[in-house]
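Survey of secondary and tertiary structure
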Amino acid sequence: MAYRLNTEQVMEFKEVFDMYAKPPVNTLSIEELGELMEAVGNKMTRTQLKNTVNSIGVFNDGRIDFPSYLIIMEDVMKDLDPKNEILKAYKAFCRADGLISTSELRHMLVTLQDEMSEDDIDYMIMEADKDHDGLISYQEFEKMIMSS
Ligand SMILES: [Ca+2]
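- Going by an unreviewed UniProt entry, the protein chain carries the name Calmodulin and comes from Stentor coeruleus.

Encoded structure:
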């Protein structure tokens, strides 16, 4: 599922990009991309940066031009997708053993999202708890979110 940036976001990113991509080349090195990402609150490790840049396959002569940068930002913004937010919340809520009880999960979902009724949530959790042990593993949870 591709994330589409809106015009306003593109303009904002262009402004930031121009601050870091200095003339005459007007492109970013991986280091400069790293500084930029940190400045906009998306601090990434060098490995993450390399993986991101390599994964989009637009790594020409080791520098990132504006269209490539936009693809990277789409990728970053995709991680802010509501489903991913819920997955992140799961990781924050779950116990040390990586499990969450169905009642805690129910509470989390009722709090976090307002598209589903409580009945829908109950049904979804019942379906997700494949082994009926009253606990939802991360795998059970991820399947549930991704299929909803
Ligand atoms: Ca279970």
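Next comes the rest of the account.
1. Quick notes on the environment of Met 146
- As for its position among the elements, Met 146 is in helix H8 (residues 138–147).
- Sequence spacing of Met 146 and Glu 32 is 114 residues, and the spatial spacing of their C-alpha atoms is 34 Å.

2. Overview of H8
- For H8, the complete set of buried residues consists of Glu 140, Phe 141 and Met 144. In an axial view of H8, the angular spread of the buried residues amounts to 95°, which keeps them on one side of the axis. Exposed positions of H8 whose direction lies more than 90 degrees from the buried face are Gln 139, Met 146 and Ser 147.

3. Some thoughts on unusual backbone geometry
- Note the cis peptide between Pro 23 and Pro 24, where omega equals 5°.
- Relative to the helices and strands, Pro 24 is located in the loop between helix H1 (7–20) and helix H2 (30–39).
- Located in the positive-phi region is Asn 26, a residue other than glycine, with phi close to 55°.
- By the secondary structure assignment, Asn 26 is in the loop between H1 and H2.
- A residue is classified by how many C-beta atoms lie within 10 Å of it, and Asn 26, with 12 of them, is exposed.

4. Overview of the environment of Pro 67
- One can find Pro 67 in helix H4 (residues 66–78).
- Once the C-alpha coordinates of Pro 67 and Arg 106 are considered, the two residues, 39 residues apart in sequence, prove to be 42 Å apart.

5. Looking at the domain arrangement of the protein chain
- If you check the domain split of the protein chain, you get domain 1 (7–78) and domain 2 (82–147).
- Each of domain 1 and domain 2 has a C-alpha centre, and the two are 34 Å apart.

6. Comments concerning the nonpolar core
- Counting twelve residues, the largest nonpolar core is built from Phe 13, Phe 17, Ala 21, Leu 28, Leu 33, Leu 36, Met 37, Val 53, Ile 64, Tyr 69, Ile 72 and Met 73.
- Of all the secondary structure elements, the ones that give two or more residues to this core are H1, H2 and H4.
- Ignoring anything within four residues of it in the chain, the contact list for Ala 21 reads Asn 26, Thr 27 and Leu 28.
- Tyr 90, Cys 94, Ile 100 and Ala 128 belong to the second largest nonpolar core, which has nine residues in total.

The rules behind the values
Residues numbered from 1 in each chain as written. Predicted model: local features only at pLDDT ≥ 70, side-chain atom pairs only at ≥ 80, totals over all residues. Helix = DSSP H or I, 4+ residues; strand = E, 2+ residues; numbered from the N terminus. Buried ≥ 20, exposed ≤ 12 C-beta atoms within 10 Å, placed from the backbone. Arc of directions from axis to C-beta. Domains from an automatic or database assignment. Core = buried A, V, L, I, M, F, W, Y, C linked by C-beta atoms within 7 Å. Contact = placed C-beta atoms within 7 Å.

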